[in-house]
Amino acid sequence: MPQIRNDIRNIAIIAHVDHGKTTLVDCMLRQSGQFRDAQLTGEQILDSNDLERERGITILAKNIAIPYKGVKINIIDTPGHADFGGEVERVLSMADGCLVLVDAAEGPMPQTRFVLGKALEVGLRPIVVVNKIDRKDARAYEVVNEMFDLFLQLGASDEAADFPYLFASTKEGYATTDPAVRTDSILPLMDLILTKIPAPEVEIGASLQMLVTTIAWSEFVGRIAIGKVHAGTIRKGMNVVMMQRNDKQISGKIAQLYTFNNLGRTEVHEVDAGDIAAVVGLTEIEIGDTICPPLYPNPLPRIHVDEPTLKMTFGINNSPLGGKEGKFVTSRHLRERLLRELERNVALRVEPIEGTELFSVAGRGVLHLSVLIETMRREGYELSIGKPEVIYRNNNGVIEEPFETLVIEVPENQTGPVMEMVGTRRGQVLEMNNRNEITIIKFSIPARGLIGLRTRLLMATQGNAVINHRFEGYKPREEAIPGRSTGVLVSMVNGKANAFALDSLQARSEPHVSPGEVVYEGMIVGENSRNEDMDVNPTKEKKLTNMRASGSDRNIILKPAKKFTLEEALEFIEEDELVEVTPSIIRLRKIILKEIDRKRANRKS
């Protein structure tokens, strides 16, 4: 017999990137009355790992729980960037409702549409929070109307489209029903959660069903399976069976059991249906598995995640400088690390390339894969990464490629370069609107047209462009898209870069190395001003004599070497080039290092 657990609310916080999700969680934590000031230091408290703090974005979904008025509110903070959509999709099944945050000036953005569509698919009850009403260009009620239109476009039911809403400034720490009236706390939102988010309806006396949506890792206890108990009761010491893919069953025993409490976990003896639990002791558990009792195995539907759209080639670093910095430098280390990543990154796909020691790694976008690469290099891995490629598919004889919805906000006087640059990459204008001297242009563009576009757009608009995109769907393949318009300078020798040599090269190129930096044959040391590659000697020294002449001893003034971020490097390279990643440096190189071998390969092709 189903019963309502009024002592629990399970909510996910979803929004477009930088609309204030993690800051909202900060407010709820600070004003819940559960913590001393010393326990909550800094901002974006849940963005706990180094990459999240450096980039200022949420990468991993996280669970916390806040007691409020006798009710335990389980909160799931989700990423806002489209490349981490897999993180959102897998955790929504734990929630019964969601807070949809939307910027009071920007309104609903591409990722808002994506996450709201996924929330409506699984039947979550939404509350709309119009955030950042303290902005000078805020248009709170217009944004509410735009959200209503978005609900209708997504086919929301009448009940979902009649959503409750609040206005908030998470930066100032308050929520209100009227944007003109400032309150003194975020508690109106907490009260709205209790009244509008449905309590879980469960069968506590039924046989156990717990769907695993997250795998955490501890050096002390190994895998920790996290998910919602949909039916029955799970107990410490209980014998269970894990229902996996293809009706596979694996037996196990619950060694430890936890529930979420404030910012941490509390060990308990049992967890009833409706709550979110963390389980220790199931060494072969995977995301999407259902934990059931051995006598009544009844699996829940597995989590479905949209397929990846972009792939890269991962290999060991086999350059002349390879193996000098990293701790993990062999293909065995690389294979083990990628397989371990598959256990928790449900949007990732890894396949060995037959006949080689390389791996094809597919994900949602350049950022999705670059975060994995950056994490691995910080762990001590050395890698060689190939050019990003989109994943095509054959639909009844028609070759299709992924398309993205691209939204660019740019000052009115800089729309020309944006239109020209996106147009050359087969982008089609869908909408164009103006707001406060800002032009908002919406395009449909092939996913391969986005590779390298962000850096060039920011350069063309002096950094004023705001760029967002999300997966739209597969369409028939477009014609060829222009690649990099310039060639590169390739070192033809091993040694250390010399200021005298770089001075003679900088007149017709942009250097990528500084004096004293170690180079090797086949390493890319600069960007050529022409469209062909050029082999150069960056180690050449000045000939010294005992004769002095006027003007021969002039000062050498070098331009600063251009240093790439990981994403910039991946977007810069062409098909015959690689990004060499080590714990301390990023280099660019040719796949074929020797000049004579490259010429032979070009003649054959």
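These numbers come from a predicted model, not from an experiment.

Visitor: Just to check I follow, could you spell out the overall build of the protein chain for this structure?
Guide: Of the regular secondary structure elements, the protein chain holds 15 helices and 37 strands. Taking 605 residues into account, the globule formula puts the C-alpha radius of gyration at 25 Å, and the protein chain, at 27 Å, falls close to it. When the backbone C-alpha atoms are referred to their principal axes, the protein chain occupies close to 95 × 60 × 60 Å. Across the 605 residues that make up the protein chain, the buried fraction comes to 54%. By sequence separation, contacts in the protein chain at least 24 residues apart represent 72% of the contacts at least 6 residues apart. Carbon together with sulfur atoms contributes 48% to the accessible area of the protein chain, which is approximately 28000 Å² in total. Across the protein chain, the centroid of the 75 positively charged side chains sits 6 Å from that of the 84 negatively charged ones.

Visitor: Would you explain the pairing of strand β7 (residues 165-169) in this entry?
Guide: A regular strand places its side chains on the two faces of the sheet in alternate fashion. β7 sits mainly inside the fold: four of its five residues count as buried. Direction of pairing for strand β6 (residues 125-131) relative to β7: parallel, over a ladder of three bridges. Across the sheet, residue V130 finds its bridge partner in β7, namely F167. Note that β7 and strand β8 (residues 174-176) share three bridges and pair antiparallel. Residue F167 lies in a different strand from β8, and its bridge partner there is T176. The hairpin turn running from β7 into β8, its antiparallel successor, is four residues long, and G173 in that turn takes a positive phi close to 85 degrees.

Visitor: What exactly am I supposed to notice about the packing of aromatic side chains here?
Guide: One pair of aromatic rings is described through two measures. These are the centre distance and the angle between the planes. Applying the stated rule across the entire model yields seven aromatic pairs. Ring geometry for Y165 versus F167: centroids 5.7 Å apart, planes at 75 degrees, classification edge-to-face. You can call Y165 partly exposed: its relative accessible area is 36%. Among the aromatic residues, those joined into a ring-pair cluster are Y141, F151, F163, Y165 and F167. The side chain of R484 reaches across the aromatic face of F572, ending 4.5 Å from its centre.

Visitor: What should I look at first to understand the packing of helix α8 (residues 331-342) against helix α9 (residues 366-378) in this one?
Guide: Packed helices, taken two at a time, are described by the angle their axes make and the gap between the axes. The contact between α8 and α9 brings their axes to 12 Å, and the two run at 130 degrees. When the axes of α8 and α9 are compared, the pair comes out oblique. Note that α8 runs across α9; the crossing there is right-handed. The segment α8 lies against α9, with L334, R337, L338 and E341 engaging L372, T375 and M376.

Visitor: Just to check I follow, could you spell out unusual backbone geometry for this structure?
Guide: Leave glycine aside and you will find that most residues have negative phi; peptide bonds, for their part, are mostly trans. For D247, which is not glycine, the phi dihedral falls at a positive 60 degrees. Its place among the elements puts D247 in the loop between β13 (239-243) and β14 (249-253). Overall, the relative accessible area of 66% leaves D247 in the exposed class. Phi is positive for R426, close to 65 degrees, though the residue is something other than glycine. Among the structural elements, R426 can be located in the loop between α10 (415-424) and β27 (428-435).

Visitor: For this particular structure, what's the right way to read the environment of V329?
Guide: Relative to the helices and strands, V329 is located in the loop between β20 (310-316) and α8. Judged by relative accessible area, V329 falls into the partly exposed class, the value being 29%. Taking the C-alpha atoms as reference, V329 lies 43 Å from E420; in sequence the two are 91 residues apart.

Visitor: I keep staring at the packing of α10 against helix α12 (residues 453-460) and nothing clicks. Help me out?
Guide: At a closest axis distance of 10 Å, the pairing of α10 and α12 adopts a crossing angle of 155 degrees. The angle between α10 and α12 falls in the class roughly antiparallel. α12 is crossed by α10, and the crossing has right-handed handedness. On α12, the residues touching P417, V418, M421 and V422 of α10 are L453, R456, L457 and A460. For the contact of α10 with α12, a count of residues per class yields seven nonpolar, no polar and one charged.

Visitor: Would you mind going over the sheet that holds strand β30 (residues 488-491) with me for this structure?
Guide: One key point about sheets: their strands pair by backbone hydrogen bonds, in either a parallel or an antiparallel sense. Taking strand neighbours across the sheet as the criterion, the four strands line up as β32-β34-β30-β35 in an open arrangement whose pairing is mixed. Strands at the two margins of the open sheet, each flanked by one partner only, are β32 (509-511) and β35 (534-536). With direction set aside, neighbouring strand axes in the sheet form an average angle of 30 degrees. Of the pairings in the sheet, the one linking β30 to β35 comprises three bridges and is parallel in character. Following the sheet pairing, V490 is matched in β35 by D535.

Visitor: Quick question: what am I supposed to make of the sheet that holds strand β5 (residues 97-103) here?
Guide: Spatial ordering of the open sheet is given by β3-β4-β2-β5-β6-β7-β8, a layout of seven strands whose pairing is mixed. Among the strands making up the open sheet, the edge pair consists of β3 (62-68) and β8. Averaged over neighbouring strand pairs, the angle between their axes works out to 30 degrees when direction is ignored. In the sheet, strand β2 (residues 8-15) pairs with strand β4 (residues 71-77) via six bridges, with the strands oriented parallel. Within β4, the position partnered with I8 by the bridge is K72.

Visitor: Could you clarify how one ought to interpret the side chain of T461 in this entry?
Guide: Within the secondary structure layout, T461 lies in the loop between α12 and β29 (466-476). Overall, T461 belongs to the buried group, its relative accessible area being 0%.

Visitor: Sorry if this is basic, but what is going on with the pattern of salt bridges here?
Guide: Pairing is possible between side chains of opposite charge, provided their charged atoms come close. Under the counting rule described, the total for this entry stands at 34 salt bridges. Of the charged contacts in the structure, one is a salt bridge between E159 and R125, with a shortest N-O distance of 3.2 Å. On the criterion of sequence distance, the pair formed by E159 in helix α6 (residues 158-161) and R125 in strand β6 is long-range, its members being 34 residues apart. The partner of R598 in a salt bridge is D535, and the shortest N-O contact between them spans 2.5 Å. Of this pair, R598 sits in helix α15 (residues 595-604) while D535 sits in strand β35, placing them 63 residues apart in sequence. Through salt bridges with shared partners, a single network forms among R484, D533, D576, E577 and K590.

The rules behind the values
- Residues numbered from 1 in each chain as written.
- Predicted model: local features only at pLDDT ≥ 70, side-chain atom pairs only at ≥ 80, totals over all residues.
- Heavy atoms only, no water.
- Helix = DSSP H or I, 4+ residues; strand = E, 2+ residues; numbered from the N terminus.
- Rg over C-alpha atoms; globule rule 2.2 N^0.38 Å.
- Buried < 20%, exposed > 50% of the residue type's maximum accessible area, 1.4 Å probe, protein only.
- Contact = heavy atoms within 4.5 Å.
- Areas by Shrake-Rupley, 256 points an atom, 1.4 Å probe, with all protein chains shown as cover.
- Lys, Arg positive; Asp, Glu negative; His and termini not counted.
- Charge placed at Lys NZ, Arg CZ, Asp CG, Glu CD.
- Pairing = 2+ DSSP bridges.
- Phe/Tyr/Trp six-rings, centres within 6.5 Å; stacked < 30°, edge-to-face > 60°.
- Lys NZ or Arg CZ within 6 Å of the ring centre and 35° of its normal.
- Axes fitted to C-alpha atoms, helices over the stretch in contact; angles between N-to-C directions.
- Parallel < 35°, antiparallel > 145°, perpendicular 65-115°, else oblique.
- Left-handed = near helix turned anticlockwise from the far one by under 90°.
- Nonpolar A, V, L, I, M, F, W, Y, C, P; charged D, E, K, R; others polar.
- Salt bridge = Lys/Arg side-chain N within 4 Å of Asp/Glu carboxyl O.

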